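A closer look at the structure
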Amino acid sequence: MIFHQSLVRVRAGRKPDRGNPGLELPDWSPGAVTRITVSGVSIQPNTQNEATDPTRTAVVTGWRVLSEPGTDADVRSDDRIEWDGMTLEVEGEVARWPDPLDGGVHHIEFTMSRATG
């Protein structure tokens, strides 16, 4: 079975934007975020890119996450993911694939990445 891994979804709280009354900004402070464990996923290597210039070498590494069939995990494009000792960014939208039999969600897929350098 390939869906034996888990990750932690981290979602920002909200705080008022002092410069724009009525608007809210993400709040990533430790007391404001919420975390949930998402199980039944497969995390696979996806990409690695390296860019160098005279001052640094930047590396972007990515992984593809697929959920077990029948799973609609609560993950959004503005979330962060904690996995394997790293904090990663969700890249792009989370794809929710329809179930051809009942029209619900069959599974989700998304990519996550980490930039260093």
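Just above sits the structure.
Rules behind the numbers
Residues numbered from 1 in each chain as written. Predicted model: local features only at pLDDT ≥ 70, side-chain atom pairs only at ≥ 80, totals over all residues. Heavy atoms only, no water. Helix = DSSP H or I, 4+ residues; strand = E, 2+ residues; numbered from the N terminus. Polar contact = N/O pair within 3.5 Å; in protein donor to acceptor, adjacent residues only side chain to side chain. Contact = heavy atoms within 4.5 Å. Phe/Tyr/Trp six-rings, centres within 6.5 Å; stacked < 30°, edge-to-face > 60°. Buried < 20%, exposed > 50% of the residue type's maximum accessible area, 1.4 Å probe, protein only. Lys NZ or Arg CZ within 6 Å of the ring centre and 35° of its normal.

Glancing now at the side chain of serine 67. Turning to its location among the elements, serine 67 is positioned in strand 5 (residues 56-67). At a separation of 3.1 Å, a polar atom in the side chain of serine 67 contacts the main-chain carbonyl oxygen of threonine 71. At a separation of 2.9 Å, a polar atom in the side chain of serine 67 contacts the main-chain amide nitrogen of isoleucine 108. Setting aside chain neighbours within four positions, we find serine 67 in contact with Phe3, Gly40, Val41, His107 and Ile108.

Inspection of the secondary structure assignment puts threonine 34 in strand 4 (residues 34-53). Sequence separation between threonine 34 and arginine 9 is 25 residues, and the spatial gap between their C-alpha atoms is 8.0 Å. The contacts of threonine 34, once residues within four sequence positions are left out, are Arg9, Val10 and Arg11. Within the structure, the side chain of threonine 34 is placed 3.4 Å from the side chain of arginine 9, a separation counted as a polar contact.

The next thing to look at is the packing of aromatic side chains. Scanning the entire structure with this criterion turns up 1 aromatic pair. Geometrically, the ring pair formed by tryptophan 63 and tryptophan 83 is edge-to-face, given 5.5 Å between the ring centres and 70° between the ring planes. Note that tryptophan 63 is positioned in strand 5 and tryptophan 83 in strand 6 (residues 80-83), a separation of 20 residues in sequence. Relative accessible area serves as the criterion here: at 11%, tryptophan 63 is assigned to the buried category. Sitting above the plane of the tryptophan 28 ring, arginine 80 keeps its charged end 3.7 Å from the centroid.

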